[in-house]
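A structural walkthrough
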Amino acid sequence: MQDHFSRRPSIIQGGKLPEGAAQECLLDDHRRRLEAFDRLREAAAECGLGTDPDRDLFVLPEDAVSLLEGSGDSWAALGRAIRDFRAALPLLSLDLFGFPVDSEDSLAEGSSLLRHIGGGVEAWAFQDREDSIYKFFRPIEGQWIGATFHYEPDENQVMQAEACPGTYRGLLEKLDVINVIGGMPTELVGVTPEGVLVVKQVLGERLAEGTDTSGLLPPALIPWPSRFLRCDRDHPRLAFVRGRPWLVADTHDRNVVRLGDGSLRIIDIVAAPIDRAVTGRHPLLHDWLERVRLDPGAPLLRAADDDEL
Ligand SMILES: Nc1ncnc2c1ncn2[C@@H]1O[C@H](COP(=O)(O)OP(=O)(O)O)[C@@H](O)[C@H]1O
Ligand SMILES: [Mg+2]
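So, here is what we can say about the structure in this document. (Residues numbered from 1 in each chain as written. Chains lettered and ligands numbered in written order. Predicted model: local features only at pLDDT ≥ 70, side-chain atom pairs only at ≥ 80, totals over all residues.)

Here's the deal with the nonpolar core
Val198, Leu247, Val248 and Ala271 are the most contacted members of the largest nonpolar core, which has 72 residues in total. If you tally residues by element for this core, the top one is helix H5 (residues 168-180), at 6 residues. Other than its neighbours up to four places away in sequence, Val198 contacts Leu92, Tyr134, Phe136, Val189, Gly190 and Val191. (Core = buried A, V, L, I, M, F, W, Y, C linked by C-beta atoms within 7 Å. Buried ≥ 20, exposed ≤ 12 C-beta atoms within 10 Å, placed from the backbone. Helix = DSSP H or I, 4+ residues; strand = E, 2+ residues; numbered from the N terminus. Contact = placed C-beta atoms within 7 Å.)

Spelled out as structure tokens, the structure:
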């Protein structure tokens, strides 16, 4: 089917879960879009353009470097990379979604086509006439968007995770993680020239306020031993996503909803990958991650290590 705002193919409509094959397509779309953005970053770096933070690259129009494309291979490659990324994530105007464009704060003024249903720190959520959910992630201080974690080591081998604003690439990855861990199917619709990322989700029903979600999270999420992690968000879990360990958290009652078939789905997380730069400073954590990757029930420490500690 078609998304009636962007007029592009869409697999999400209302509160109905897409079929398995369609969900696979969604996963594939996320992977390809990330790859296209990585190629764009590489091509931009080749041309000596700044890539960090990544907001300016993220909203480049298709013809951004058309006048330079004849001047060398690197510029021609950049032109192609921009067009490939734009094909995976189009530039769309906020007025397509019924928001006033001549306003200082279009999202706050509301839409003539969508009903505001919620908004936290990162995203404003709206519902359309077909009951699909559209979320608008607004840039933070111009360059950042969404939320991620940064890690601070402490002396006792505990990794300290603190939530902070993330990059555009980080938000693409986080939305991919929601799909991969069996959360709410989440599709990317586009990005506005102002840098607002537009995302579409299946509609779910809110949980009763105060519901304890800790026992309700999907089995792909592995509880963290407290000796390895201190985190400033609720329900920190470990997930292996496309082979990489991730810290996934913030899955409290307002970030989990129920579908018509009774299943629970995570709609929003704060998450960050745990790369070698982090685990390199935590040998015991590194060891646990390698074992739990193969066996989610692996004990905290290797049997042979227990005597020593
Ligand atoms: N798919 C959805 N189904 C039902 N309600 C939703 C959905 N997505 C968002 N909402 C509502 O909007 C609120 C804010 O959306 P959320 O994705 O959590 O953004 P934020 O990052 O701002 O917290 C949620 O707490 C929920 O009440
Ligand atoms: Mg939320």
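Now that the structure is up, let's keep going.
Observations concerning the packing of helix H1 (residues 20-46) against helix H3 (residues 73-88)
One way to put it is that H1 packs onto H3 with a least axis distance of 8 Å and a crossing angle of 155°. With respect to H3, the axis of H1 lies roughly antiparallel. Handedness of the crossing formed by H1 with H3: left-handed. Residues Arg32, Arg33, Ala36, Phe37, Arg39, Leu40, Ala43, Ala44 and Glu46 of H1 lie in contact with H3, whose contacting residues are Ser74, Ala77, Leu78, Ala81, Ile82, Asp84, Phe85 and Ala88. Here the residues of the contact of H1 with H3 sort into 11 nonpolar, 1 polar and 5 charged. (Axes fitted to C-alpha atoms, helices over the stretch in contact; angles between N-to-C directions. Parallel < 35°, antiparallel > 145°, perpendicular 65-115°, else oblique. Left-handed = near helix turned anticlockwise from the far one by under 90°. Nonpolar A, V, L, I, M, F, W, Y, C, P; charged D, E, K, R; others polar.)

Points about H3
Look at H3: 23 Å from first C-alpha to last across 16 residues, which is about the 22 Å you get at 1.5 Å a residue. Among the residues of H3, those classed as buried are Leu78, Gly79, Ala81, Ile82, Phe85 and Arg86. For H3, the buried positions fall inside an angular range of 165° around the axis, keeping them on one side. On its buried face, H3 is in contact with H1. (Expected span 1.5 Å × (residues − 1). Arc of directions from axis to C-beta.)

With respect to the sheet that holds strand E15 (residues 270-273)
Strand order in the open sheet made by the 4 strands is E9-E11-E12-E15, with antiparallel pairing throughout. With partners counted over all chains shown, the strands left at the sheet margins are strand E9 (222-223) and E15, one partner each. Bridging between E9 and strand E11 (residues 237-241) involves 2 bridges; their strand directions are antiparallel. Paired with Pro223 across the strands is Arg237, a residue of E11. (Pairing = 2+ DSSP bridges.)

Digging into the sheet that holds strand E7 (residues 197-201)
Taken together, the 5 strands give an open sheet; going across it, the order is E1-E2-E3-E7-E6, and neighbouring strands pair in antiparallel fashion. Of all the strands in the sheet, the pair left with one neighbour each is strand E1 (115-119) and strand E6 (186-191). Taken pair by pair, the neighbouring strands of this sheet meet at an average axis angle of 25°, ignoring direction. As defined by bridge partners, strand E3 (residues 133-137) adjoins E7 across 5 bridges and the pair is classed as antiparallel. Bridge pairing in E7 places Lys135 opposite Val199. Relative to E6, H5 is tilted by about 160°, and along the sheet it contacts E3, E6 and E7.

What to know about the environment of Ser263
Relative to the helices and strands, Ser263 is located in the loop between strand E13 (256-258) and strand E14 (264-266). For Ser263, a count of 12 C-beta atoms within 10 Å corresponds to the exposed category. Taking C-alpha positions, Ser263 is 19 Å from Ile222, a pair spaced 41 residues apart along the chain.

Some words on the packing of H1 against H5
At a minimum axis distance of 10 Å, the contact between H1 and H5 shows a crossing angle of 160°. By the angle between their axes, H1 is roughly antiparallel relative to H5. Handedness of the H1/H5 crossing: left-handed. Between H1, through Leu26, Leu27, His30, Arg33, Leu34 and Phe37, and H5, the contact on the second element is made entirely by Arg169, Leu172, Glu173, Leu175, Asp176, Asn179 and Val180. When the residues that make up the contact of H1 with H5 are grouped by side-chain class, the tally is 7 nonpolar, 2 polar and 4 charged.

Regarding the pairing of strand E12 (residues 244-249)
Counting buried positions along E12 yields 5 of 6 residues, so the element is predominantly enclosed. With 5 bridges joining them, E11 and E12 adopt antiparallel strand pairing. Across the sheet, Leu238 pairs through a bridge with Leu247, a residue of E12. What sits between the antiparallel neighbours E11 and E12 is a turn of 2 residues, in which Arg242 has the positive phi angle 50°.

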